[in-house]
Amino acid sequence: MENISVVVCVYSGDEAGEFETSLNSIVSQTHPPDELLIVEDGPLTSALNETLEHIESTVEVPVCRVRHAENRGHGAARRTGIDNANHELVAIHDADDIAVPERLEWSLKN
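Here the structure is a predicted model, which means the values were calculated and not measured.

The rules behind these values
Residues numbered from 1 in each chain as written. Predicted model: local features only at pLDDT ≥ 70, side-chain atom pairs only at ≥ 80, totals over all residues. Heavy atoms only, no water. Helix = DSSP H or I, 4+ residues; strand = E, 2+ residues; numbered from the N terminus. Buried < 20%, exposed > 50% of the residue type's maximum accessible area, 1.4 Å probe, protein only. Polar contact = N/O pair within 3.5 Å; in protein donor to acceptor, adjacent residues only side chain to side chain. Pairing = 2+ DSSP bridges. Axes fitted to C-alpha atoms, helices over the stretch in contact; angles between N-to-C directions. Contact = heavy atoms within 4.5 Å.

Would you mind going over the environment of glutamate 15 with me for this structure?
Among the structural elements, glutamate 15 can be located in the loop between β1 (4-10) and α1 (16-27). Of the residues examined, glutamate 15 reaches a relative accessible area of 44% and is grouped as partly exposed. With 46 residues separating them along the chain, glutamate 15 and valine 61 place their C-alpha atoms 22 Å apart. Polar side-chain contacts of glutamate 15 include one of 3.0 Å to the backbone nitrogen of glycine 17. Polar side-chain contacts of glutamate 15 include one of 2.7 Å to the backbone nitrogen of glutamate 18.

When you look at the sheet that holds β1 in this model, what are you seeing that I'm missing?
Pairing between sheet strands relies on hydrogen bonds along the backbone, with the strands arranged either parallel or antiparallel. Strand order across the open sheet formed by four strands is β3-β2-β1-β4, with parallel pairing between neighbours. Since the sheet does not close on itself, it has two edges, and those belong to β3 (63-68) and β4 (89-94), each with one partner. With direction set aside, neighbouring strand axes in the sheet form an average angle of 25 degrees. One ladder, built from six bridges, connects β1 with strand β2 (residues 35-41); its direction is parallel. Bridge pairing in β2 links valine 7 to leucine 37. Helix α2 (residues 46-58) contacts β1, β2 and β3 of the sheet and is inclined by roughly 155 degrees relative to β3. In this fold helix α3 (residues 74-84) packs onto β1, β2, β3 and β4, with an angle of close to 145 degrees to the strand it touches most, β2.

Okay, structure coming up:
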């Protein structure tokens, strides 16, 4: 199978608990991503930073964080994520999405 990066954009308005649930749904896939690229769209709350630090220290998936100094909006954050992805295949995952466990496996088969 091919390698895949997952881009997740987060900003200060996202809720930390939902964000953590969302990230866990991606890193626990039947075919885990080869890279989890987090785009921080402006300064984050301490709760969101703590969530990111926890994920970075507990998952086996490589995590890359890219930061915008100020909020540029969802479209710009996604473009930044795609531009910084290390793999040709990129899945976009919102900070409050919950992915079914087979999402990436199904995507790579089709």
